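So you can see what is in the structure, the chains are spelled out below.
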Amino acid sequence: MAATSATTFSIGTNVSLGCKVRSLPQSKPFGVRFNSQNPLKSFSGLKAAISVSCESESSFLSKETSAALRGSFATKAQKENQSHQYHLQPQATFKVAILGAAGGIGQPLALLVKMSPLVSALHLYDIANVKGVAADLSHCNTPSQVLDFTGPSELGNCLKGVNVVVIPAGVPRKPGMTRDDLFNINAGIVKNLIEAVADNCPDAFIHIISNPVNSTVPIAAEILKQKGVYDPKKLFGVTTLDVVRANTFVAQKKNLKLIDVDVPVVGGHAGITILPLLSRTKPSVSFTDEEIQELTVRIQNAGTEVVEAKAGAGSATLSMAYAAARFVESSLRALDGDGDVYECTYVQSDLTELPFFASRVKLGRDGVEAVISSDLQGLTEYEQKALEALKPELTASIEKGIAFTQKQTVTA
């Protein structure tokens, strides 16, 4: 039975075009009408620059509907009855691998990536229980073919020819655990997976989700250097969840339309290393000193908020999957030639004296095209003090990751 209620669904970036989607009875044909005087080259699903209305033959997220939800694909313009009518032509050409696909983040992330019209093949890897996940997802009527790979012996085949590798593998946080408590287990997992990436798809975009990201990204960089295939423009720590949370909390606090809000978040991806630049919020909005303190602390501790709310039953898996899917989409759009893709991410950087730092970057076909240095110019006194305060902790996390890799090398 087709859903008839109106819904709005979007996974997009701060440079993309908004989309309202209505699931209508199956007798309705699919079409998209843009209330614009100018043709569009691409769009995606967060920012509402031009009104878009989509009608789908399917009751839930068919390949046509997902085309409206998840963007950055070619559009073909047709003029009908003196009004602009644009028919979308999804081009599924990219292969994405998710390593740790049977886990709490991996499963919902795989579902969201399966919805992308840009993905032709979705490779799911885990050490166990991934076959059922792949079988389940393969029934979704979206373009990508789903393949499962189990255990180290199949990891190489999983990675061959892949364009984007996403790594959520590892143990989740539990009540009372810090990200450092996860280090010894997750560091080893990331090391082994990155070695396989280096051997099988060294040119792929690599998205690190496994915590502690402040340390696991430097670990990945060192492993890739040892293998002789390190490209700093293609290694990313996924900090998108910090931006998603900042946007959500600010919109709630200031009663703003969520799709209009964009808050850059810099630094790292743990505790005080997470620094939302509230003075850079778009649209421009004023905050009291109390609001700045309250929002900053909540954004920094939002992961703990979820861990405690789940009371031992898990961590922030769903919101992390959503944020990771947004970053995957941005990467695919960049690979597809979209020249207007910006995201905050934790990368090798010369923006500060730290070797790795999260900030807004421009993405392109070859990875990071530019680091947006203007975000750190003209900071408020509060932000400048917070920036200086986070540096020692972030430095220690980076050095811990590098030391782990060097120790492993000596042992070997």
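In this text, all values refer to a predicted model and were calculated from it rather than measured experimentally.

Draft legend 1. Broad picture of the overall build of the chain. A count of helical and extended segments in the chain gives 11 helices and 17 strands. For the chain, the residues scored as buried account for 54% of the 412 residues in total. In the chain, the proportion of contacts linking residues at least 24 apart, taken out of those at least 6 apart, comes to 70%. Accessible surface for the chain amounts to roughly 17500 Å². Of this, 50% is attributable to carbon and sulfur atoms.

Draft legend 2. Molecular detail of the packing of aromatic side chains. Here the structure, examined in full by the defined rule, presents four aromatic pairs. Ring geometry for Phe183 against Phe404: centres 5.6 Å apart, planes inclined by 85°, an arrangement best described as edge-to-face. Here Phe183 is found in helix H5 (residues 183–200), whereas its partner Phe404 is found in helix H11 (residues 381–411), with 221 residues between them in sequence. On the basis of relative accessible area, Phe183 is assigned to the buried category, the value being 4%. The interplanar angle of 50° and the centroid separation of 5.6 Å between the aromatic rings of Phe205 and Phe236 together place this pair among those described as tilted. You can see Phe205 sitting in strand E11 (residues 205–208) and its partner Phe236 sitting in strand E12 (residues 235–237), a full 31 residues away along the chain. The exposure classification of Phe205 matches that of Phe236, with both residues buried. Through pairs of rings, three or more aromatic residues link up here, namely Phe205, Phe236 and Phe327. When the ring centre of Phe249 is taken as origin, the NZ or CZ atom of Arg298, which lies over that ring, is 3.7 Å away. Positioned over the ring face of Phe183 is Lys400, at 4.7 Å from the centre of the ring.

Draft legend 3. Layout of the packing of helix H7 (residues 240–254) against helix H8 (residues 289–300). Remark: H7 packs on H8, axes separated minimally by 10 Å, with the N-to-C direction vectors making an angle of 145°. Remark: the crossing between H7 and H8 carries right-handed chirality. For the pair H7 and H8, the contacting residues are Asp242, Ala246, Phe249, Val250, Gln252, Lys253 and Lys254 in the first and Glu291, Glu294, Leu295, Arg298 and Ile299 in the second.

Draft legend 4. Geometry of unusual backbone geometry. Omega for the bond connecting Asn211 with Pro212 falls within 30 degrees of zero, at 0°, which places this linkage in the cis form. Structurally, the position occupied by Pro212 is in the loop between E11 and helix H6 (213–227). With an omega of 0°, the peptide bond running from Lys282 to Pro283 counts as cis. Looking at the secondary structure, you find Pro283 in the loop between strand E14 (274–276) and H8.

Draft legend 5. Region of interest: the packing of H7 against helix H10 (residues 317–335). One way to put it is that H7 packs onto H10 with a least axis distance of 8 Å and a crossing angle of 110°. Comparing the axis directions of H7 and H10 gives the class roughly perpendicular. Where H7 abuts H10, its residues Thr240, Leu241, Val243, Val244, Arg245 and Asn247 lie against Ser319, Met320, Tyr322, Ala323, Arg326 and Phe327. Looking at the contact of H7 with H10, its residues break down into seven nonpolar, three polar and two charged.

What counts and how
- Residues numbered from 1 in each chain as written.
- Predicted model: local features only at pLDDT ≥ 70, side-chain atom pairs only at ≥ 80, totals over all residues.
- Heavy atoms only, no water.
- Helix = DSSP H or I, 4+ residues; strand = E, 2+ residues; numbered from the N terminus.
- Buried < 20%, exposed > 50% of the residue type's maximum accessible area, 1.4 Å probe, protein only.
- Contact = heavy atoms within 4.5 Å.
- Areas by Shrake-Rupley, 256 points an atom, 1.4 Å probe, with all protein chains shown as cover.
- Phe/Tyr/Trp six-rings, centres within 6.5 Å; stacked < 30°, edge-to-face > 60°.
- Lys NZ or Arg CZ within 6 Å of the ring centre and 35° of its normal.
- Axes fitted to C-alpha atoms, helices over the stretch in contact; angles between N-to-C directions.
- Left-handed = near helix turned anticlockwise from the far one by under 90°.
- Parallel < 35°, antiparallel > 145°, perpendicular 65-115°, else oblique.
- Nonpolar A, V, L, I, M, F, W, Y, C, P; charged D, E, K, R; others polar.

These figures capture arrangement, not role.
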